[in-house]
Structures are given as C-alpha cells and as structure tokens.
Amino acid sequence: MRFLRFIGTLFAASVIIFLLMRAVPGNPARVALGVNATDEAVEKLTHSMGLDRPLLVQYLEWMKGLLTGNFGISLSSQQDITPLVLDRAQVTLLLIGLAIALALAGAIPMGILLARFRLPVLNAATQLGIAVPSFLVGIVLVAVFSVHLGWLPANGWQLPREGLSHLVLPVISLALVQGAMLTRYVRATLMEEMGKDYIRTARSLGESRTGALIRHGLRNAALPVLTVTGVQLSTLVVGAVVIENVFVIPGLGSMLLDAVSSRDLITVQTLIMVFVTFTLTVNLLTDLAYRVIDPRLKEAR
C-alpha cells in the first residue's frame, strides 16, 4: 500500500512539474538561441526538441526518458544531461550524507546532556543554531578558517586529488544548523520519556537516571527522532542548493540554478523531479524503518 502511494505521488508530482514548466511564458528555444536568433533557427530548434508537439506526447516522452535513464537534451548546451545529472548527484548525495551523519553524531549526545543537566551555554548555542541560516554559517566559516587562518580552502571541488579538505566547511555549514534542530528535538523527546513509568521502574531496580535514559529512553525516543531526521534530510536538499553556490560546488543545486537562469526547460523539470523523487524516497524509507525500530507497529497492523 505504501509503495502504491509512493508511485501515485510521484505520478501526480510529475504532472504538476510538467504543466508548471509549460506555463512559463516565452519560447524556451528562443531563449536558448538568444535574442538575435532568426525565426527559422528558433523554429528548427523547437521542432528538434519536440516543443511543438502536443503536451500529452511531450509528457509521455519525458516520462519514458526518465524511466529508461535518458533525461533528455539540454536546451542551452544541446548536450545529453544524463551523465551530468548522475555525476552531480554523487556530489550532492555525498554532501548531504556527510552533513546528516555529522548532525546526528553531535545531536544525540548533546540532546542527552541537555535532557539530563542544566547547561545554559549549550542550550543557548542550539537555539542560536536554529535561528541562523546555513549560508550565513558558511560565510562566517570561510571568513575565519579560510581567509583569516588559511587552514581550509574557501571553495572549489577537487576530490579526490586534494582529499576531503574541500568538503569540511560546506559539510559543517549544513550540519551545524541541522544538528541544532535535532539536538533540541532529542532533548524534548528524552525529557518527555524521563517522566514515564518504565524509567521510574528502571531506577527502582538500581539504574542511575542517566543510565536508564540511555539504555531505555533512547529506544523509545528513536521513532519521533527518526521522523524529524527524515524531514531534515529532505530539507538538506534545499540547503545544499545554497551551500553549493556559496562554496562553488558542482552539485545538483548549482546545476539547477544555472538551468533556471538560462531557462533550460528540460534540465529544470528533470532536476526538480529528481529532488521530488529523493524526498519521497526518504519519506518511504523512514516509514519502513519504523517497523525495524519498533516491532510493535508491525504487530498492531
């Protein structure tokens, strides 16, 4: 049932994206060729790209290409965008994966500390982290660690020739903001669990408050934290669009902005569909992970 809902949502999203792209005024072929292009050249490009065919035919051709791994031809460069999308997707996924892993690695222990002890400085730091956007964090990190100290490169992407140094600042920029949000949520969830009967029972059997919280509370708090992590992982895609441009990283985000500026219709609608598919896949995997963490949900069903 969940898989059918996933497929239905993807189909509805593809229709909406396709129609919205076609609702943009102007001829994409003329934009691609420039204002000095002749009418004959514009007409030829329009025909070669299939932009003069019925909308239903264009949609079916586009979907067929997506399903077969042929994402189409760029209007601006007249090149196949499939290898470029696949190459840049690796960069974006690496950036997002490292950022969410770092955010979780810091959020869980800090959330336990805030739930167990009064730490005003750490509490204020997490609240500040929620309020500050990731691109501003990136700019500050560049100013400190690249311009002032000269420890890390400010931008560019030279993997694997120069190691992971170009990843450090963009990953930290994304992870700090997401980590602050996750820390607050871990803290709130654990504080709620601390007042429940099973924690009191564990303490009556001789466990310390911290030990009972880590041993029993974390597992019961895992479901709501997993839900928020899935949401945060989806929002990281949006954050990566900005961070990739701040640090000049050749990922899907920078590719999308370039395609929008050049009004590359095919590339824009394909990249948006890739982002939507990623978000829906994360939601599906999060839903399935519930039953791994808490088998009671499977029994209840």
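The coordinates are above.
Scope of this entry: the structure provided in the associated data block. (Residues numbered from 1 in each chain as written. Predicted model: local features only at pLDDT ≥ 70, side-chain atom pairs only at ≥ 80, totals over all residues. Heavy atoms only, no water.)

### Focus on the overall build of the protein chain
Here is step 1 of the chain: Across its full length, the protein chain holds 13 helices and 0 strands.
Here is step 2 of the chain: Walking the protein chain from its N terminus toward its C terminus, one meets helices and strands in the order α-α-α-α-α-α-α-α-α-α-α-α-α.
Here is step 3 of the chain: Overall, the C-alpha framework of the protein chain stretches about 85 × 55 × 35 Å when taken along its three principal axes.
Here is step 4 of the chain: Scored against the burial criterion, the 301 residues of the protein chain give a buried share of 40%.
Here is step 5 of the chain: Put simply, of all contacts in the protein chain between residues at least 6 apart along the chain, 71% involve residues at least 24 apart.
Here is step 6 of the chain: As presented, the protein chain carries roughly 16400 Å² of accessible surface, and 67% of it is formed by carbon and sulfur atoms.
Here is step 7 of the chain: Each charge class in the protein chain can be summarised by its mean position, and for the 24 positive and 18 negative side chains these summaries are 13 Å apart. (Helix = DSSP H or I, 4+ residues; strand = E, 2+ residues; numbered from the N terminus. Buried < 20%, exposed > 50% of the residue type's maximum accessible area, 1.4 Å probe, protein only. Contact = heavy atoms within 4.5 Å. Areas by Shrake-Rupley, 256 points an atom, 1.4 Å probe, with all protein chains shown as cover. Lys, Arg positive; Asp, Glu negative; His and termini not counted. Charge placed at Lys NZ, Arg CZ, Asp CG, Glu CD.)

### Concerning a nonpolar patch on the surface
Here is step 1 of the chain: The grouping of Phe135, Leu136, Ile139, Val140, Val144, Leu149, Trp151 and Val242 at the surface amounts to a nonpolar patch, some 700 Å² of accessible area in total.
Here is step 2 of the chain: When residues in the nonpolar patch are grouped by element, the largest group, 5 residues, is from helix α7 (residues 134-148).
Here is step 3 of the chain: One can find tryptophan 151 in the loop between α7 and α8 (165-194).
Here is step 4 of the chain: Classification of tryptophan 151 by relative accessible area gives exposed; the value is 61%. (Patch = residues over 30% accessible without salt bridge, like charges linked within 9 Å, V, L, I, M, F, W, Y side chains within 5 Å. Salt bridge = Lys/Arg side-chain N within 4 Å of Asp/Glu carboxyl O.)

### Section: the packing of aromatic side chains
Here is step 1 of the chain: For the structure on display, the rule yields 5 aromatic pairs.
Here is step 2 of the chain: Geometrically, the ring pair formed by phenylalanine 18 and tyrosine 59 is edge-to-face, given 5.5 Å between the ring centres and 70° between the ring planes. A residue pair is termed long-range when its members are at least 10 positions apart, and phenylalanine 18 in helix α1 (residues 2-23) and tyrosine 59 in helix α4 (residues 55-68) qualify at 41 residues. Like phenylalanine 18, the residue tyrosine 59 is buried in the burial classification.
Here is step 3 of the chain: Clustering of aromatic rings is evident, with ring pairs tying together Phe11, Phe18, Tyr59 and Trp62. (Phe/Tyr/Trp six-rings, centres within 6.5 Å; stacked < 30°, edge-to-face > 60°.)

### Some thoughts on the layout of surface pockets
Here is step 1 of the chain: In this structure, the largest pocket encloses a volume near 470 Å³.
Here is step 2 of the chain: What lines the largest pocket is a set of 21 residues, among which Leu66, Phe71, Met273, Val274 and Thr277 lie closest to the centre.
Here is step 3 of the chain: Going through the elements one at a time, α1, α4, α5 (82-116) and α12 (265-293) are the ones with two or more residues in the lining of the largest pocket.
Here is step 4 of the chain: Here the lining of the largest pocket takes 6 residues from α5, the largest share from any one element.
Here is step 5 of the chain: For the lining of the largest pocket, a count of residues per class yields 18 nonpolar, 3 polar and no charged. (1 Å grid on protein atoms, 1.4 Å probe; cavity = no way out; pocket = protein on both sides within 12 Å on 5 of 7 lines; lining within 4 Å. Points joined across faces, edges and corners; volume = space filled by probe spheres on them. Nonpolar A, V, L, I, M, F, W, Y, C, P; charged D, E, K, R; others polar.)

### Overview of the nonpolar core
As a rule of thumb, nonpolar side chains are buried together in soluble globular proteins.
Here is step 1 of the chain: Of all hydrophobic cores here, the largest spans 56 residues; its most connected members are Trp62, Val85, Leu95 and Leu236.
Here is step 2 of the chain: Every element with two or more residues in this core is listed here: α1, α4, α5, α7, α8, α10 (209-246), α11 (252-261) and α12. (Core = buried A, V, L, I, M, F, W, Y, C linked by side-chain atoms within 4.5 Å.)

### As for the side chain of serine 173
Here is step 1 of the chain: As for its placement among the helices and strands, serine 173 is situated in helix α8.
Here is step 2 of the chain: A polar side-chain atom of serine 173 sits 2.7 Å from the main-chain carbonyl oxygen of leucine 169.
Here is step 3 of the chain: Residues in contact with serine 173, not counting those within four places in the same chain, are Ser134, Val137, Gly138, Leu141, Ile243 and Phe247. (Polar contact = N/O pair within 3.5 Å; in protein donor to acceptor, adjacent residues only side chain to side chain.)

### Observations concerning the environment of phenylalanine 3
Here is step 1 of the chain: For phenylalanine 3, the position within the fold is in helix α1.
Here is step 2 of the chain: Taking the relative accessible area as the measure of exposure, phenylalanine 3 reaches 53% and is therefore exposed.
Here is step 3 of the chain: Spatially, the C-alpha atom of phenylalanine 3 lies 7.8 Å from that of leucine 284, the residues being 281 residues apart in sequence.

### A short note on the packing of α5 against α10
Geometry of a packed helix pair, given as the angle between the helix axes and the separation of the axes.
Here is step 1 of the chain: Where α5 meets α10, the closest approach of the two axes is 8 Å, and the angle between their N-to-C directions is 145°. Read as a crossing pair, α5 and α10 show a hand that is right-handed.
Here is step 2 of the chain: In terms of residue class, the contact of α5 with α10 is built from 16 nonpolar, 4 polar and 3 charged. (Axes fitted to C-alpha atoms, helices over the stretch in contact; angles between N-to-C directions. Left-handed = near helix turned anticlockwise from the far one by under 90°.)

### Section: unusual backbone geometry
Note: most peptide bonds trans; most residues except glycine with negative phi.
Here is step 1 of the chain: Despite not being glycine, valine 248 shows a phi value in the positive range, around 55°.
Here is step 2 of the chain: Counting through the fold element by element, valine 248 comes out in the loop between α10 and α11.

### Side note on the packing of α5 against α8
Here is step 1 of the chain: The interhelical angle for the contact between α5 and α8, taken along N-to-C directions, is 35°, at an axis separation of 6 Å. In the packing of α5 onto α8, the handedness of the crossing is right-handed.

### Quick notes on α7
Here is step 1 of the chain: Compared with the 21 Å implied by 1.5 Å per residue over 15 residues, the 20 Å span of α7 between its first and last C-alpha is a close match.
Here is step 2 of the chain: Most pronounced at valine 142, the bend in α7 amounts to some 30°.
Here is step 3 of the chain: Considered for burial, the residues of α7 that qualify are Ser134, Val137, Gly138, Leu141, Val142 and Ser146.
Here is step 4 of the chain: Buried-residue contacts for α7 involve α8 and α10.
Here is step 5 of the chain: Positive backbone phi, approximately 70°, marks glycine 150, located one or two places after α7. (Expected span 1.5 Å × (residues − 1). Bend = angle between axes of the 7 residues up to and from the residue.)

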